[in-house]
Amino acid sequence: QVQLVESGGGSVQPGGSLRLSCAASGSIPSPNSMAWYRQAPGKERELVAAMASGGNTNYAGSVKGRFTISRDNTKTTVHLQMNSLKPEDTAVYYCNLRPFYSSPIYWGQGTQVTVSS
């Protein structure tokens, strides 16, 4: 019913920047929250940043001040601007859409981010 497609992943040196994008299509429930999660090898999937359709945001402490989440005016695309990247940011990043009043939760396929010298 809802499809999420991520783009913008890649390989970057420490201190560099990447901008991830996630486009939602289909029958999108509203209101909702869109978020970025990440999962590194051997680690649990963790929340990176989230933004509700009304504009409220939430960030993991490890990325606060370096990453910025945003949504376009249609509320169907979410971006994650990642600055001052560190090797510990290396992970597969997943887009997520969570309806406020219905289910299920939707996930994208993931995009690899690698930070190394």
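Everything discussed here concerns the structure shown above.
Notes on the structure in this doc start here. (Residues numbered from 1 in each chain as written. Predicted model: local features only at pLDDT ≥ 70, side-chain atom pairs only at ≥ 80, totals over all residues. Heavy atoms only, no water.)

Looking now at the state of the cysteines. In this structure the tally under the stated criterion is one disulfide. One disulfide bridge connects Cys22 with Cys95, the sulfur atoms lying 2.1 Å from each other. On the sign convention where negative is left-handed, the bridge of Cys22 and Cys95, at about -85° about the S-S bond, is left-handed. Residue Cys22 is located in strand β3 (residues 18-26), and its partner Cys95 is located in strand β9 (residues 91-99); the two are separated by 73 residues in the primary sequence. Cys22 gets classed as buried once you look at its relative accessible area, which sits at 0%. (Disulfide = S-S within 2.5 Å. Helix = DSSP H or I, 4+ residues; strand = E, 2+ residues; numbered from the N terminus. Buried < 20%, exposed > 50% of the residue type's maximum accessible area, 1.4 Å probe, protein only.)

Here we take up the packing of aromatic side chains. Evaluated as defined, the whole model comprises two aromatic pairs. Relative to Tyr101, the ring of Phe100 has its centre 6.2 Å away and its plane inclined at 90°; by these criteria the two rings are edge-to-face. Phe100 sits in the partly exposed class, given a relative accessible area of 44%. Note that Arg45 overlies the ring of Tyr94, its terminal NZ or CZ placed 3.8 Å from the centroid. The ring of Trp107 is capped by Arg45, whose NZ or CZ atom sits 4.7 Å from the centre of that ring. (Phe/Tyr/Trp six-rings, centres within 6.5 Å; stacked < 30°, edge-to-face > 60°. Lys NZ or Arg CZ within 6 Å of the ring centre and 35° of its normal.)

With six bridges connecting them, strand β1 (residues 2-7) and β3 associate as antiparallel partners. Directly across from Val5, in β3, lies its bridge partner Ala23. Sheet topology note: the β3/strand β8 (residues 77-82) ladder contains six bridges and is antiparallel. By the bridge assignment, Ala23 is partnered in β8 with Thr77. (Pairing = 2+ DSSP bridges.)

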